[in-house]
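Here is how the chains run, residue by residue.
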Amino acid sequence: MSYCFGVDVGGTTVKLGLFQTDGQLLEKWEIKTRTENGGEAILPDIADSICSKMKEHGLEKEQVLGIGMGIPAPVTGEGIVKNTANLGWGYKEVKRELEELTGIRVVPGNDANVAALGEMWMGGGKGCRDMIMVTLGTGVGGGVITDGECVVGSHGAGGEIGHIRVNYEETEACGCGNKGCLEQYASATGIARLARRRLVKDEEPSILRQEAVDAITAKSVFDAVKEGDKVAIQIAEEFGNYLGNALVNLAAVCDPEVVVIGGGVSKAGKILLDYIEKPFRERAFFANKETRFVLAELANDAGIYGAVKLLLS
Ligand code: ZN
């Protein structure tokens, strides 16, 4: 039996998993992401953690096929990161450095793309080869898989669904500096922003008015939707229109079999899909209308599964 490691690097923790190469997860654990001093300790910490896990299980290097890795930044085909928002890294030759530290083959990729691979392999998109994954968290991440492989692109920025421009009239800026990105309406923070904007428009009664306007979250919006709250439903419809129509355009480009919706916002459950699917079915190109919508299934493990899939494919 041979083994491999899946590593999912986040801004606060690094998740690691020891897998058999048939995809069975044997053990998972976490270490802290030390981002200080330009994140210089991150790769050595990962190498140490993997080496001690190998010792613990009596594994030799020859039994380990490799280390797959998801990183919250664009990653080139050569395994190079040019810049990161929250790891402290600037230019970093991730593949080369971690290979030198461990003596094991390393295959890194963008974390959202890697999570999409995980969901295709073992989660909501199991059995599919053409899939779009949308991760609705603090931001909006994405992964586009065609014929079983992620669209990485020439700058490692393929599948950055959150920065599709969906509103030409927007006056506030997205985290990326542009205005009118999908992330401004479909992320957890985006949905809360839509709620604040809606509530100040008039005095229509709503459960949401019981909270301080700054305390409203995506969860409170969808909880209110489930209670039949009219104002919350309008907010959910606005969210769904932005995301559903963005997916109409994406589907016209890559014609997926399934759209997988994940991230913290997806904890709202099936009702979330209804608000995305309705505008999609109304507007999609006729050949794309049968695209299925499902919720992600692997939650926080999508990254480590996908990292292994990236390594094995
Ligand atoms: Zn943006």
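Model, not experiment: these values are computed from the prediction.

1. What about the domain arrangement of the chain?
Step number 1: On domain assignment, one finds that the chain holds domain 1 (3-117 + 301-312) and domain 2 (127-297).
Step number 2: The distance between the C-alpha centroids of domain 1 and domain 2 comes to 29 Å.
Step number 3: Contact residues are listed per partner, giving eight residues for domain 1 and 16 residues for domain 2.
Step number 4: Between domain 1 and domain 2 the total buried area reaches about 820 Å² when both faces are included, carbon and sulfur atoms providing 60% of it.
Step number 5: At the boundary of domain 1 and domain 2, one finds zero residue pairs in polar contact (both at pLDDT 80 or more).

2. Observations concerning the pairing of strand β5 (residues 106-110)
Step number 1: Among the five residues of β5, five are classified as buried, and the element is accordingly described as predominantly covered.
Step number 2: Where strand β4 (residues 64-71) and β5 come together, five bridges link them in parallel fashion. Looking at the pairing, I67 lines up with V106 of β5.
Step number 3: At this point the chain moves from β4, through helix α3 (residues 94-102), to the parallel β5, and the crossover so formed is right-handed.

3. Considering the coordination of the zinc ion
Step number 1: At 2.0 to 2.4 Å from the zinc ion lie its protein donor atoms, namely H163 (ND1), C174 (SG), C176 (SG) and C181 (SG).
Step number 2: Around the zinc ion sit four donor atoms, and with donor-metal-donor angles ranging over 107 to 116° the site reads as tetrahedral.
Step number 3: Judged by relative accessible area, which is 2%, C181 ranks as buried.

4. Regarding the pairing of strand β1 (residues 3-9)
Step number 1: Counted residue by residue, β1 has seven buried out of seven residues, so it is predominantly covered.
Step number 2: Residues Y3, F5, V7 and V9 point to one face of β1 and C4, G6 and D8 to the other, with burial holding for every one of them.
Step number 3: Relative to strand β2 (residues 13-20), β1 runs antiparallel, the two sharing seven bridges. Its bridge partner being in β2, C4 is matched across the sheet by F19.
Step number 4: Hairpin connection between β1 and β2: a loop of three residues separates the two successive antiparallel strands.
Step number 5: Note: β1 against β4, six bridges, orientation parallel. Residue pairing for β4: G6 is matched across the bridge by G68.

Conventions adopted
Residues numbered from 1 in each chain as written. Predicted model: local features only at pLDDT ≥ 70, side-chain atom pairs only at ≥ 80, totals over all residues. Heavy atoms only, no water. Domains from an automatic or database assignment. Contact = heavy atoms within 4.5 Å. Buried area = accessible area lost by both parts, 1.4 Å probe. Polar contact = N/O pair within 3.5 Å; in protein donor to acceptor, adjacent residues only side chain to side chain. Buried < 20%, exposed > 50% of the residue type's maximum accessible area, 1.4 Å probe, protein only. Helix = DSSP H or I, 4+ residues; strand = E, 2+ residues; numbered from the N terminus. Pairing = 2+ DSSP bridges. Right-handed = clockwise from strand over helix to strand, strands pointing away. Donors = N, O, S within 2.8 Å, 3.2 Å for Na, K, Ca; no water. Tetrahedral: all angles 85-135°; square planar, octahedral: opposite > 155°, others 65-115°.

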